[in-house]
Amino acid sequence: MKPARTKTPRKPPVKKGSQTSLKDPVGVYCRVRPLSLPEQECCIEVISNTTVQLHPPEGYRLNRNGDYKETQYSFKQVFGTHTTQKELFDVVANPLVDDLIHGKNGLLFTYGVTGSGKTHTMTGSPGEGGLLPRCLDMLFNSIGSFQAKRYVFKSNDRNSMDIQCEVDALLERQKREATPNPKTPSSKRQVDPEFADMINVQEFCKAEEVDEDSVYGVFVSYIEIYNNYIYDLLEEVPFDPIKPKWNSCSAPMRNTDFVPPQSKLLREDKNHNMYVAGCTEVEVKSTEEAFEVFWRGQKKRRIANTHLNRESSRSHSVFNIKLVQAPLDADGDNVLQEKEQITISQLSLVDLAGSERTNRTKAEGNRLREAGNINQSLMTLRTCMEVLRENQTYGTNKMVPYRDSKLTHLFKNYFDGEGKVRLIVCVNPKAEDYEESLQVMRFAEVTQEVEVARPTDKAISGLTPGRRYRNQARGGPVGDELLVSEVVLQSFPPLPSCEILDINDEQTLPRLIEALEKRHHLRQMMIDEFHKQSITFKALLQEFDNAVLNKENYIQGKLSEKQKVISGQKSEIERLEKKNKTLEYKVEILEKTTTIYEEDKRNLQQELETQNQKLQQQFSDKRRLEARLQGMVTETTMKWEKECERRVAAKQLEMQNKLWVKDEKLKQLKAIVIEPKTERPERPSRERDREKATRRSVSPSPVPNAAPVRLRHRRSRSAGDRWVAHKPASNLQTETVMQPQVPHAITVSVANEKALAKCEKYMLTHQELASDGEIETKLIKGDVYKTRGGGQSVQFTEIETLKQESPTGRKRRSSTIAPAQPDGTESEWTDVETRCSVAVEMRAGSQLGPGYQHHAQPKRKKP
């Protein structure tokens, strides 16, 4: 079945100011603060200028098996414990300020656990200013002489700027000076000694290639994100977050006494940039003014004493530096009154609240709620970074959850390509912060894999460069008139003294009249010369006008020709544009068709891969089943082969035993039958017994699975082995001096598996009645082997015989003496019938017969 065609996803629109072809990764830096106490245990080590290594502290086991695991993390640059604020600023923040002056946005974060030095890095300490005062100092050093008058630029509520002329700006300045506003700092005010050492930067820093044909204005704002609400720290409200909400009478304040701050809302301007609506923006003209505004807002920021930090930031603070830039007009005198020519760039310095665990900070009540909101916003920031990385790495189009937190929603434009993003990871190397530092390192590792589109350069205004200095060189229109008047006055003769000291003085007035007449004459001459020169100049102007007119006519002809060419080219362009639109339409159709085919191809490939996986699985299952069946067949075959061999051997042994018993019976019967009958039986002599023993051939007792009986007997062979001495309960105690005795033997009456498992040798004590009537003891020996099924088997190897004989040559009766006959004669064994019956009964029913049935178990008789 062919899968349904899916709708081609709409391509996301390319935002203005982003270049999809050029992307830069988020710059992530690491700063390691020094330990508070030298004897503290350290868990972070700087390996190189780009790598740090984390090792678990003593007593901490990272893995379940208890192994210590050291991890290394790489950054764009690592700053050790001896890094100064100047070195950190030159590497991280200096390029951002330079981009700010050239019309590009920037975002700088400080991220880390509580007490890792984030606020110190951003703000600094007395005598050692942080990144924020250094950024302000570099900015004003670069644009100080090119700043516009105050109130020339005026902010509005739409995240843009308006331009006022010099007269309107002057009127507003006079109005503001008449009604002083505490929100607006004054450059004449003395610097607050509380932060004077922080902004006293000794190193002079300035941006290169500043546009000198523009005027600049700097506006700053300061907000905080507390419990996922945005508050303006520069807004003047009668609210102190540190003081409790109680009046002097220890009673709760009424609603009329207490005015809580109002949270601000996020808006989106016409360029799709996010901003805080109604946020206070203050125009500043120097580093001191800007830092004074920052310090006023810093006092309102929410801090609290926790178990980890005496002054822990309970909110995320954002200090925005907005630079407004507008070009001068063509004369280089005033600001160009065109709103479209305004360039606004912004640098956001963000001091994030510390990530922490509530069980370590001992937070309760409001502190616990604050910690939860802090961790939630930081978790949302981390989730956004992970989704951005996944979209860029795997080409997915997942929605980034910017709106889950005010922090990420406010700065989503930066991650969409509105400026550079830098992150400073601050870490505390003490062992107690190991787990939190590990999470911070993992977040940094994810963040530096995210790429942000590179912002474009600002558009050129099209005006002639160098306008400012050219206007200063010619002195402007008023300066020219003053210069000509001075030259004319210097050419006149000096006036004599006009002071009359006496009534009769007749020389002063004539001299004065004479000097004035000379000046008048000189003036008349200059007027005449001026008229002559003006006539000459008019003639030159007339000639110039004629030449210009001729040139205009010539240019007009050329322009008409060019216009004809342009009209032809326009028609050609229109034709090409129509053709281009047709081709674009065809390309779009082909793209859609290609997308559909690619989707079908992808589905077919997935189906093919699924079928291949199923076939591979079936093939592997088949091979595994074949191997299992082959093993089972082999095992069963071997098992039944052994079982058949065992049964055949048992059957052969049984038949051999039966044949041996019958043979013995027949031999004894034969011996009894052919023996001559006498009146009184006499015991044969020893020689006769020997001859009889020689004549009688006794067949050997068959031994199951045993090798031929060896003639040599070596006791040293079994000296170190353990034996199982099998002595059936039916054996009789003999009176022989030599008795079978084996050291280290386990004596049993019935053979069992437990005893065989403990020993290597097996010995069976077997007794039978010899032909001369004596008990013959046979020791049948064998080796014990383990079978494949887990049992034991015995292979017989040797047979030893122990026999007792009478020295007189007479037979020793193994039975009691028969009772006397009635006629007084003794019972005789020469009776053939009696002896045969005795022999048959002894051999057939005796428990001393050979074979496997001698273990105290009588053989079954056939019915």
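Cut-offs applied
- Residues numbered from 1 in each chain as written.
- Predicted model: local features only at pLDDT ≥ 70, side-chain atom pairs only at ≥ 80, totals over all residues.
- Heavy atoms only, no water.
- Helix = DSSP H or I, 4+ residues; strand = E, 2+ residues; numbered from the N terminus.
- Polar contact = N/O pair within 3.5 Å; in protein donor to acceptor, adjacent residues only side chain to side chain.
- Contact = heavy atoms within 4.5 Å.
- Patch = residues over 30% accessible without salt bridge, like charges linked within 9 Å, V, L, I, M, F, W, Y side chains within 5 Å.
- Areas by Shrake-Rupley, 256 points an atom, 1.4 Å probe, with all protein chains shown as cover.
- Salt bridge = Lys/Arg side-chain N within 4 Å of Asp/Glu carboxyl O.
- Buried < 20%, exposed > 50% of the residue type's maximum accessible area, 1.4 Å probe, protein only.
- Pairing = 2+ DSSP bridges.
- Axes fitted to C-alpha atoms, helices over the stretch in contact; angles between N-to-C directions.
- Phe/Tyr/Trp six-rings, centres within 6.5 Å; stacked < 30°, edge-to-face > 60°.
- Core = buried A, V, L, I, M, F, W, Y, C linked by side-chain atoms within 4.5 Å.
- pLDDT = per-residue confidence, 0-100.

Bringing the side chain of S348 into the picture now. Relative to the elements of secondary structure, S348 occurs in strand β20 (residues 343-351). Within the structure, the side chain of S348 is placed 2.7 Å from the side chain of N320, a separation counted as a polar contact. Engagement of the side chain of S348 in a polar contact is seen with the side chain of Q346, the distance being 3.3 Å. Setting aside residues no more than four positions away along its own chain, S348 makes contact with G106, L107, L108, V318, F319, N320, F411 and Y414.

Below, the discussion takes up a nonpolar patch on the surface. There is a patch of nonpolar side chains on the surface, built from F537, L540 and L541 and spanning about 290 Å² of accessible area. By the element assignment, L540 lies in helix α13 (residues 508-674).

As a further point, take the pattern of salt bridges. A full pass over the atoms with the stated rule returns 27 salt bridges. One salt bridge connects R382 with E386, and the closest N-O pair in it is separated by 3.6 Å. Here E386 and R382 lie together in helix α7 (residues 366-394), a separation of 4 residues that amounts to about one turn. Its relative accessible area of 17% is what places R382 among the buried residues. Residues E798 and K781 are paired through a salt bridge, measuring 3.1 Å at the closest nitrogen-oxygen approach. Remark: K781 occurs in strand β26 (residues 775-786) and E798 occurs in strand β27 (residues 792-803); sequence separation between them is 17 residues. Across the pair, exposure class does not vary: E798 and K781 are buried alike. Members of the salt-bridge network, linked through shared partners, are E643, R646 and R647.

Turning our eyes to something else, we now look at the sheet that holds strand β4 (residues 51-54). In a beta sheet, neighbouring strands are held together by backbone hydrogen bonds and run either parallel or antiparallel to one another. Judged by pairing direction, the sheet is antiparallel, and its 3 strands sit side by side in the order β3-β4-β5 without closing on themselves. With one partner strand each, in any of the chains shown, β3 (44-46) and β5 (71-74) form the two edges of the open sheet. Sheet twist, expressed as the mean angle between neighbouring strand axes with direction ignored, is 25°. Direction of pairing for β3 relative to β4: antiparallel, over a ladder of 3 bridges. Bridge pairing in β4 links V46 to V52.

Turning to the environment of S221, a few remarks are in order. Mapped onto the elements, S221 comes out in strand β12 (residues 214-226). A C-alpha to C-alpha distance of 8.2 Å links S221 and V318, two positions 97 residues apart in sequence. Residues within four places of S221 in sequence aside, it is in contact with L234, C279, T280, E281, V318, F319 and N320.

So, on to the packing of aromatic side chains. Counting across every chain of the model gives 10 aromatic pairs. Between the aromatic rings of F291 and F294, the centroid separation amounts to 5.2 Å while the plane-to-plane angle is 50°, which identifies the pairing as tilted. Of the two residues, F291 and F294 both sit in helix α5 (residues 287-298), 3 residues apart, roughly one turn of that helix. Considered together, F291 and F294 belong to a single accessibility category, that of buried residues. A centroid spacing of 5.9 Å and a plane angle of 55° characterise the contact between F411 and Y414, whose relative ring orientation is tilted. Assigned by exposure class, F411 and Y414 land together as buried. Following the ring pairs from residue to residue traces out a cluster consisting of Y222, F291, F294, W295 and F319.

Moving on, we get to the nonpolar core. Membership of the largest hydrophobic core comes to 53 residues, with the highest contact counts inside it found for V52, F75, F109, F411 and F415. Dropping the residues within four chain positions of it, F75 is found in contact with V28, Y29, C30, T50, V52, V425, M441, A444 and Q448. Residues F79, I101, I321 and L349 belong to the second largest nonpolar core, which totals 46 residues.

A positive phi angle, close to 75°, is found at Y151, a residue other than glycine. Note on placement: Y151 falls in the loop between α3 (131-143) and β10 (153-155). On the basis of relative accessible area, Y151 is assigned to the buried category, the value being 10%. Here the phi dihedral of N227 falls at roughly 55°; this positive angle occurs in a residue that is not glycine. Mapped onto the elements of the fold, N227 is located in the loop between β12 and β13 (229-232).

Looking at the chain, pLDDT values average 77 and 71% of them are 70 or higher. Within the model, the stretch residues 242-258 combines pLDDT values under 50 with 10 contacts to residues more than four positions away or in other chains. Low pLDDT, under 50, characterises residues 835-863; the predicted model gives this stretch 51 contacts beyond four residues in sequence or across chains.

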